[in-house]
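Now for the letters of each chain:
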Amino acid sequence: MNKRQGFLKFEAVFAHCEKRVPAGSLFNAMDDRLEMQFFDGDNSLSASGHLHAEILMPTT
């Protein structure tokens, strides 16, 4: 996976977390991403985050 693809996956999963919380609650979205275990402590996608990104991202 190249850096661009990794970034797009990261953005797709984080955008999903933002949609799950009330508008304007960026800090809640950040907490949600950790609670759902999509990201690890280093802010990298976890294994489940990568799988979730595959579901969220359209295939070409």
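This one's a predicted model, so the numbers in the text were calculated from it and none came from an experiment. For every chain, the first residue of its written sequence is number 1, and the numbers climb from 1 along that sequence. Reporting of local features is limited, given that this is a predicted model, to residues whose pLDDT is at least 70; pairs of side-chain atoms are given and counted only at 80 or more, and all residues count toward the totals for whole chains, interfaces and linings. With hydrogens and water excluded, all non-hydrogen atoms of the structure serve as input to the side-chain values.

Trainee: Describe the nonpolar core, and please don't skip the residues or the numbers.
Mentor: What makes a nonpolar core is a set of buried Ala, Val, Leu, Ile, Met, Phe, Trp, Tyr and Cys residues whose side-chain atoms join them at distances within 4.5 Å. Here's how the labels work: a residue is buried when its accessible area is under 20% of the maximum for its type, exposed when over 50%, partly exposed in between, all with a 1.4 Å probe on protein chains only. Counting residues in each nonpolar core, the largest one holds 8 residues, listed as Val13, Phe14, Cys17, Phe38, Phe39, Leu45, Ala53 and Met57. The element that contributes the greatest number of residues to this core is helix α1 (residues 3-20), accounting for 3 residues. Note on conventions: DSSP H or I runs of at least 4 residues are helices, E runs of at least 2 residues are strands, and numbering of each starts at the N terminus.

Trainee: If you had to explain the confidence of the model for the protein to someone new, which residues and values would you point to?
Mentor: Confidence of the predictor in every single residue is expressed as pLDDT, which spans 0 to 100. Of the residues in the protein, 78% reach a pLDDT of 70 or more, and the chain-wide mean stands at 81. When mean pLDDT is compared element by element in the protein, helix α3 (residues 47-56) scores highest at 91, while helix α2 (residues 26-35) scores lowest at 67.

Trainee: Let's hear about the packing of aromatic side chains: which residues, and what values?
Mentor: Two rings belonging to Phe, Tyr or Trp (six-membered ring only in the last case) form a pair when the distance between their centres is within 6.5 Å. Interplanar angles under 30 degrees mark stacking, angles over 60 mark edge-to-face geometry, and anything in between is tilted. Throughout the structure, instances matching the rule amount to 2 aromatic pairs. Both rings, one in Phe10 and one in Phe14, keep their centres 6.5 Å apart while their planes meet at 10°; by these two values the pair is stacked. Of the two residues, Phe10 and Phe14 both sit in helix α1, 4 residues apart, roughly one turn of that helix. Residue class for Phe14 comes out buried when judged on its relative accessible area of 15%. A ring pair is formed by Phe10 and Phe39, whose centres lie 4.9 Å apart and whose planes are at 75°; its orientation type is edge-to-face. Taken together, the positions of Phe10 in helix α1 and Phe39 in the loop between α2 and α3 put the pair 29 residues apart, joining distant regions of the chain. Residue Phe10 is classed as partly exposed on the basis of its relative accessible area, which comes to 24%. An aromatic cluster is present here, built from Phe10, Phe14 and Phe39 joined pairwise through their rings.

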